[in-house]
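In case you want the letters, here they are:
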Amino acid sequence: TEELLSDAPRLANRLTVQAARAIRYAAGEAIMWGDGVGKPLGFMVGAAKVTVAKESGQAADTIVAANVLKAYSRLLGGGSRAFWAANRDVVPQIAVMTIGNQPMWLSANQGLQNAPQGTLLGLPVIFLDHAKTVGDEGDLVLVDPDGYYAATKQGGGIEFASSIHLYFDYAIQAFRWTFRLGGQPYLSAPMSPAKGASTRSHFVAIAD
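Definitions and cut-offs
- Residues numbered from 1 in each chain as written.
- Predicted model: local features only at pLDDT ≥ 70, side-chain atom pairs only at ≥ 80, totals over all residues.
- Heavy atoms only, no water.
- Helix = DSSP H or I, 4+ residues; strand = E, 2+ residues; numbered from the N terminus.
- Expected span 1.5 Å × (residues − 1).
- Buried < 20%, exposed > 50% of the residue type's maximum accessible area, 1.4 Å probe, protein only.
- Contact = heavy atoms within 4.5 Å.
- Patch = residues over 30% accessible without salt bridge, like charges linked within 9 Å, V, L, I, M, F, W, Y side chains within 5 Å.
- Areas by Shrake-Rupley, 256 points an atom, 1.4 Å probe, with all protein chains shown as cover.
- Salt bridge = Lys/Arg side-chain N within 4 Å of Asp/Glu carboxyl O.

Some remarks on helix H2 (residues 11–33)
Counting along an α-helix, one turn takes 3.6 residues, and residues three or four places apart therefore face a common direction. In a regular helix each residue adds 1.5 Å, so 23 residues correspond to 33 Å; H2 covers 32 Å between its end C-alpha atoms and thus fits that length. For H2, the complete set of buried residues consists of Ala19, Ile23, Ala27, Ala30 and Met32. The secondary structure elements touched by the buried residues of H2 are strand E8 (140–143), strand E11 (172–178) and strand E12 (181–185).

Laid out in structure tokens, this is it:
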């Protein structure tokens, strides 16, 4: 309402900040999970993704070292920009993973006082609200962003408009944000290497 905007002069600025956060979230969710209909095709939905099967006898809702190692082995190319997209629920499990007596996960600067984030098998771990909880496919995903093409409207960015006329009779001001984003994985299917039987991809997930 115009009354509220007048009484709380910082509210308009707060709306702008929160709208930008909401737009970032919507874009990230679409890039990971979008169905491609009126939105980007997410890398977890597109046919390029590789899914690593769980281990024989593996308990439900767990991630084990073998899952991580097998996912890493299915990454396509050098993966210089690759990272692990993870839900924070995975921390209690990846933080204690080892190969022999060597930890697989290292916190930032190798000091627990700077945790979390850190690296898993030397690749950064980025915690995202878009990732699923432990046990669901999408809880820990190896992602190489070089395998995804995203495009915004030419000269794009976020368009903002406000109007005092739309609800003039009710003394309500309307705000509108518009953005356009398209995208999809470059590959239409996982790649078969010249040597070896296992397919590879820029996007590797662990099965339910």
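Considerations on a nonpolar patch on the surface
Nonpolar side chains collect at one region of the surface, where Leu166, Tyr167 and Tyr170 lie side by side and expose about 380 Å² of accessible area between them. By secondary structure assignment, the location of Leu166 is in strand E10 (residues 159–167). Taking relative accessible area as the criterion, Leu166 reaches 56% and is therefore assigned exposed.

Notes on the environment of Met97
Looking at the element boundaries, Met97 is found in the loop between helix H4 (91–94) and strand E3 (98–99). Classification of Met97 as buried rests on a relative accessible area of 6%. Separated by 32 residues in the primary sequence, Met97 and Ala65 have C-alpha atoms spaced 6.1 Å apart.

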